[in-house]
Amino acid sequence: MAKDLGAQGPSIARQAYGEELRLRREAANHTQQSLADAVVCSPSLIAHIEAGRRKPRAEDARRLDKELGTDGFFERFLPTLDTLRVAAHFAQAAELQRQATSIQEYGNALVPGLLQTEGYARAIFRAAWPNTAAADIDRHVVNRLKRGEILVGPDGPVMWVLLDECALRRPIGGPAAMVEQLRHIADLGHSGRVRVHVLPLSVGAHALLESMVTLMKFDDAPPVAYVEGLRTGRVHDDPSTVAKCQVSFDLALGDALSSEASLAAITSVAEEYERAL
């Protein structure tokens, strides 16, 4: 998969994990190429893991343990490499977002997490967990904003966002929070950092009406689809399922406004919120 794009660079845990892989690989008289061949992955993946830039998938770790005879070490220590605290059902998808070279995401009722601003995200967490302490809400907000750092700079993933007009019209956090949120999306769109399309309410039924979906592509691994519901989510890597999700996204995208018209619509809705202040 693509390089780890965390703004703070490799963590100490990932560096130690990678150094252990290098030592075990050399002890087994493997080169990066020969180990990659043995565990059915690319040599660049091995190089990235050893440098602490990449966290392997569970199946990659299991194959490494089997080939190197490490008694489950690389799979067992995978959880220690997590750098963001997210819901358990979303943990794998959050990691994949950091590794993706391309992300296509549909937001049906909400602005996708990677694009969320502080006030918007805070309102979402407060509504979802009304009895949660303020300090815990703060930590959730910080984690969500940190995820968006993969869009900072030119080396992050190419991102296409398909927003249902419902996500623009629902006043999450109030007018001021919505102005900030929509202006942020418009700025990302105008800068060329994110390609944004709005799916207007006038379309009626469309191919993604039943669910949100995130499609991710990588340099050296097959594409995946992540589908989420209430307190649940699942990463799909079955090629047939991913292909069907991609078709649904493409069909809905065909019903959306152009990029230019979408940015104009987002700006127009932001101005409506501004007048309500």
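Residues numbered from 1 in each chain as written. Predicted model: local features only at pLDDT ≥ 70, side-chain atom pairs only at ≥ 80, totals over all residues. Heavy atoms only, no water.

Caption draft 1: Representation of helix H11 (residues 239-254) within the structure. Taking 1.5 Å per residue, 16 residues should reach 22 Å; H11 reaches 22 Å between its end C-alpha atoms and fits that length. Among the residues of H11, Val 242, Cys 245, Gln 246, Phe 249, Ala 252 and Leu 253 are the ones counted as buried. Around the axis of H11, the buried residues are gathered within 125° of arc, so they sit on the same side. Summarising the geometry of H11, the exposed residues directed more than 90 degrees from the buried face are Lys 244, Leu 251 and Gly 254. In this structure, the buried residues of H11 make contact with strand S1 (102-107), strand S2 (158-164), strand S3 (194-199), strand S4 (212-217), strand S5 (224-229) and strand S6 (232-236). (Helix = DSSP H or I, 4+ residues; strand = E, 2+ residues; numbered from the N terminus. Expected span 1.5 Å × (residues − 1). Buried < 20%, exposed > 50% of the residue type's maximum accessible area, 1.4 Å probe, protein only. Arc of directions from axis to C-beta. Contact = heavy atoms within 4.5 Å.)

Caption draft 2: View of unusual backbone geometry. You will see that Val 40, though not glycine, has its phi angle at about 60°, which is positive. By the element assignment, Val 40 lies in the loop between helix H2 (32-39) and helix H3 (43-50).

Caption draft 3: Broad picture of the environment of Cys 166. One can find Cys 166 in helix H9 (residues 165-169). What Cys 166 contacts, discounting residues up to four positions off in sequence, is Asn 108 and Leu 201.

Caption draft 4: View of empty space enclosed by the protein. Under the counting rule described, the total for this entry stands at one cavity of 30 Å³ or more. Of the voids in this model, the largest cavity is the one considered here, and its volume is about 30 Å³. In terms of lining residues, the largest cavity is bounded by Val 39, Cys 41, Leu 45, Ile 46, Ile 49, Asp 60 and Leu 64. Going through the elements one at a time, H3 and helix H4 (58-68) are the ones with two or more residues in the lining of the largest cavity. With three residues, the top contributor of residues to the lining of the largest cavity is H3. Considered class by class, the residues forming the lining of the largest cavity number six nonpolar, no polar and one charged. (1 Å grid on protein atoms, 1.4 Å probe; cavity = no way out; pocket = protein on both sides within 12 Å on 5 of 7 lines; lining within 4 Å. Points joined across faces, edges and corners; volume = space filled by probe spheres on them. Nonpolar A, V, L, I, M, F, W, Y, C, P; charged D, E, K, R; others polar.)

Caption draft 5: Broad picture of the pairing of S4. The buried fraction of S4 is high, at five of six residues. Two elements, S1 and S4, share five bridges in a ladder whose sense is antiparallel. Residue pairing for S4: Ile 103 is matched across the bridge by Met 216. Bridge count between S4 and S5: five bridges; the pairing is antiparallel. (Pairing = 2+ DSSP bridges.)

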